[in-house]
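# A look at the structure
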Amino acid sequence: MSSVRTVVVPAGGLGTRFLPATKALPKEMVPVGDRPAIQWGLEEAAASGIRRAVIVTAPGKDLIKAHFAPDPGLEAVLEQRGSPELAERIREISKLCALEFVEQPQPLGLGHAILCALERVQGEAAVAALLPDDLFSGSPPLLSQLIEAYTWEGCTVLALRRCSKEEISRYGVAAVEGDGPVFRVSDVVEKPAAEDAPSDLALMGRYVLTDEIFSALQATRPGHGGEIQLTDAIRSLAGRGRVVGVEFVGEILDVGTLESWLATNAAIMWQDPELGPALRARIQQLEETQL
Ligand code: UTP
């Protein structure tokens, strides 16, 4: 049994970088391969031994709840039509984790979204947090890698990935001490210019957050964009020596913008034994007709 039993999944944002697709469709419900982005996240959490998820949604994002609700009518139709395997896959969606939903009344930032989950996780020494627009590909599951580090270190754990100079200014970047793969984090700088980045280790959307994060978030004033930033609260814990970062094994695939979503879908299709050949043939055909 995992030492971290709950994952908080912030899904209350507006998804403005993916408009107009996300005008009515929650960004977290945009399909990646054959399932919504947020389902990939909950599958990773379940594979990491997490049994409970608190999903922070916003008014009008009811589709997320609908997706994870049992649907015996659909299952019966699939069984009758001779698709028991598909019926089983549908059944499994509602069994991934015990789900609870909290509403973030306004999109006041990622830190604020995490704070909205406080009453559901009070009394837990630490919770995991997973941003559903970062998909993980690899083994072991990324959250399980962070939970293992938490078991040894007993403090907040960040997921770190090495980034090139060109991409580093899109991320929060950690100032670190030690040789890794588990580093002590002394500071985090949000979206630095490449020349100001304290390292090439960028934060990806997975965390183990100890309960100290909630008092740090309550003390955090609105920062960049008028939002309550999770990074600001993590900085205050880092200043007290209460944060480590793990340079994890595996790959993060972003699906938060149209460009990254297209690239991630292409990568998934490319690797799929059935769909991959069709994609390669189509690309070849496109190249030939563009000549
Ligand atoms: P993002 O910044 O990627 O999502 O936040 P966003 O704000 O929806 O997207 P843009 O920037 O407008 O395009 C990462 C995660 O945090 C959640 C988002 O739903 C997403 O899953 N989030 C963000 C919240 O839950 N509440 C917020 O106030 C902001």
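First, a word on what this report is: a plain description of the structure on this page. (Residues numbered from 1 in each chain as written. Predicted model: local features only at pLDDT ≥ 70, side-chain atom pairs only at ≥ 80, totals over all residues. Heavy atoms only, no water.)

## Observations concerning the overall build of the protein chain
Helix and strand counts for the protein chain come out as 12 helices and 13 strands. Its C-alpha atoms give the protein chain a radius of gyration of 20 Å, near enough to 19 Å, the size a compact globule of 291 residues would have. Taken over the C-alpha atoms alone, the protein chain extends approximately 60 × 50 × 35 Å along its principal axes. Considering the protein chain as a whole, with its 291 residues, one finds that 47% of them fall into the buried category. Restricting to contacts in the protein chain with at least 6 residues of sequence separation, those with at least 24 account for 75%. Split by element, the accessible area of the protein chain, about 14,600 Å² in all, is 54% carbon and sulfur. (Helix = DSSP H or I, 4+ residues; strand = E, 2+ residues; numbered from the N terminus. Rg over C-alpha atoms; globule rule 2.2 N^0.38 Å. Buried < 20%, exposed > 50% of the residue type's maximum accessible area, 1.4 Å probe, protein only. Contact = heavy atoms within 4.5 Å. Areas by Shrake-Rupley, 256 points an atom, 1.4 Å probe, with all protein chains shown as cover.)

## A look at the site of the ligand
Gly12, Thr16, Arg17, Glu28 and Gln104 are the nearest of the 18 residues found near the ligand. Contact between the ligand and Gly12: an oxygen atom at 2.7 Å from a main-chain N or O atom of the residue. Glu28 is positioned with one of its side-chain polar atoms (N or O) 2.7 Å from an oxygen atom of the ligand. Looking at the shell around the ligand residue by residue, the class counts come to 8 nonpolar, 6 polar and 4 charged. (Near = heavy atom within 4 Å. Polar contact = N/O pair within 3.5 Å; in protein donor to acceptor, adjacent residues only side chain to side chain. Nonpolar A, V, L, I, M, F, W, Y, C, P; charged D, E, K, R; others polar.)

## Remarks on the side chain of Thr220
If you trace the backbone, Thr220 turns up in the loop between α9 (212–218) and α10 (230–238). For Thr220, a relative accessible area of 9% translates into the label buried. Sequence-distant contacts of Thr220, that is, excluding residues within four places in its chain, are made with Ile228, Gln229, Asp232 and Ala233.

## Concerning the packing of aromatic side chains
Under the definition given, this model contains 2 aromatic pairs. Measuring from centroid to centroid gives 5.7 Å for Phe18 and Trp261, while their planes differ by 65°, and the two rings are edge-to-face. With Phe18 in the loop between β1 (6–10) and β2 (31–32) and Trp261 in helix α11 (residues 258–271), this residue pair connects regions lying 243 residues apart in the sequence. Classification of Phe18 as buried rests on a relative accessible area of 4%. Taking 6.2 Å as the distance between ring centres and 70° as the angle between the ring planes, the aromatic pair formed by Phe136 and Phe248 counts as edge-to-face. Taken together, the residues span a long stretch of sequence, with Phe136 in strand β7 (residues 134–137) and Phe248 in the loop between β12 (243–247) and β13 (251–254) at a distance of 112 residues. Considered together, Phe136 and Phe248 belong to a single accessibility category, that of buried residues. Over the ring of Trp40 we find Arg35, and its NZ or CZ is 4.1 Å from the ring centre. Directly above the aromatic system of Trp270 lies the positively charged group of Arg280, at a separation of 4.8 Å from the ring centroid. (Phe/Tyr/Trp six-rings, centres within 6.5 Å; stacked < 30°, edge-to-face > 60°. Lys NZ or Arg CZ within 6 Å of the ring centre and 35° of its normal.)

## A word on α10
For α10, every residue scored as buried is listed here: Leu230, Thr231, Ala233, Ile234, Leu237 and Ala238. The buried residues of α10 occupy one face: seen down the axis, they fall within an arc of 160°. Contacts from the buried residues of α10 go to α5 (110–116), β8 (156–162), β10 (182–190), β11 (201–210), α9 and β12. (Arc of directions from axis to C-beta.)

## Digging into the pairing of strand β6 (residues 126–130)
In the case of a regular strand, side chains alternate between the two sheet surfaces. Among the 5 residues in β6, 5 count as buried, and that is most of the element. The alternating pattern of β6 places Ala126, Ala128 and Leu130 and Val127 and Ala129 on opposite faces, both of which are buried. Of the pairings in the sheet, the one linking β1 to β6 comprises 2 bridges and is parallel in character. Considered in β6, the bridge of Val7 is made with Ala128. For β6 and β11, the ladder comprises 5 bridges, and the chain directions are antiparallel. Considered in β11, the bridge of Val127 is made with Leu209. (Pairing = 2+ DSSP bridges.)

## Topic: the environment of Cys163
Turning to its location among the elements, Cys163 is positioned in the loop between β8 and α8 (165–168). Accessibility expressed as a relative area gives 8% for Cys163, which makes it buried. Residues Cys163 and Ala202, 39 residues apart in the sequence, show an inter-C-alpha distance of 6.5 Å.

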